[in-house]
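Notes for the structure review
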Amino acid sequence: FSMSSASSVLRDPTMQRQLLAMKQQQEFQANVAKFTEHCWDRCDVKATAKMEAKTSRCIANCVERYLDASSRLSADLPNLLSRMADSRQQAPPSSAKTIWG
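Note that the coordinates shown come from a computational prediction; the quantities given were computed from them, not determined experimentally. (Residues numbered from 1 in each chain as written. Predicted model: local features only at pLDDT ≥ 70, side-chain atom pairs only at ≥ 80, totals over all residues. Heavy atoms only, no water.)

So, on to helix α2 (residues 13–42). Between its terminal C-alpha atoms α2 stretches 43 Å, which fits the 44 Å expected from 30 residues at 1.5 Å a residue. Asp44 sits one or two positions beyond α2 and adopts a positive phi of about 50°. (Helix = DSSP H or I, 4+ residues; strand = E, 2+ residues; numbered from the N terminus. Expected span 1.5 Å × (residues − 1).)

Bringing the nonpolar core into the picture now. For soluble globular proteins, nonpolar side chains are generally found buried alongside one another. If you look at the biggest cluster of nonpolar residues, it comprises 7 residues: Phe35, Cys39, Cys43, Val45, Ile59, Cys62 and Val63. Those elements giving two or more residues to this core turn out to be α2 and α3 (53–90). If you tally residues by element for this core, the top one is α3, at 3 residues. When sequence neighbours within four positions are dropped, the list of residues in contact with Val63 reads Phe35 and Cys39. (Core = buried A, V, L, I, M, F, W, Y, C linked by side-chain atoms within 4.5 Å. Buried < 20%, exposed > 50% of the residue type's maximum accessible area, 1.4 Å probe, protein only. Contact = heavy atoms within 4.5 Å.)

Moving on: the layout of surface pockets. Here the idea is plain: a probe the size of a water molecule rolls over the atoms and shows the empty space left. Put simply, the largest pocket is a space of about 200 Å³. Taken together, 13 residues make up the lining of the largest pocket; nearest its centre are Asp44, Val45, Lys46, Glu52 and Thr55. Examining the composition of the lining of the largest pocket, we find that 3 residues originate from one element, α3, more than from any other. Residues of the lining of the largest pocket, tallied by class, amount to 6 nonpolar, 2 polar and 5 charged. (1 Å grid on protein atoms, 1.4 Å probe; cavity = no way out; pocket = protein on both sides within 12 Å on 5 of 7 lines; lining within 4 Å. Points joined across faces, edges and corners; volume = space filled by probe spheres on them. Nonpolar A, V, L, I, M, F, W, Y, C, P; charged D, E, K, R; others polar.)

A few words on the state of the cysteines. Counted according to the given criterion, the structure contains 2 disulfides. The disulfide partner of Cys39 is Cys62, and the gap between their sulfur atoms is 2.0 Å. Across the S-S bond of Cys39 and Cys62 the torsion is about -85°, and the bridge reads as left-handed. On the criterion of sequence distance, the pair formed by Cys39 in helix α2 and Cys62 in helix α3 is long-range, its members being 23 residues apart. For the pair formed by Cys39 and Cys62, the shared burial category is buried. Numbered by position along the chain, the disulfide-linked cysteines of the protein connect as 1-4, 2-3. (Disulfide = S-S within 2.5 Å.)

No statement about biological role is implied by the geometric values presented.
Set out below in structure tokens:
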């Protein structure tokens, strides 16, 4: 498999869509694993044959909050990064001593 053939495959729109779909699926699975672990610990899930209604509600609420926060962060991140970049460009260099003296 040569570099030129790899390059032409990566320029193929169908291949690009497939790669993007795979990347999105991996990100989704990683997020599911994160909020599953977080909510499982937060709701103190016990390993029993049947989940209690209280625990089930806790997990559902936890996942909803996690998804809402993740969605909001994703939507707000470009604006936040832009404001941070603007503030760095406008701030004068710091004359304070560093921790190294």
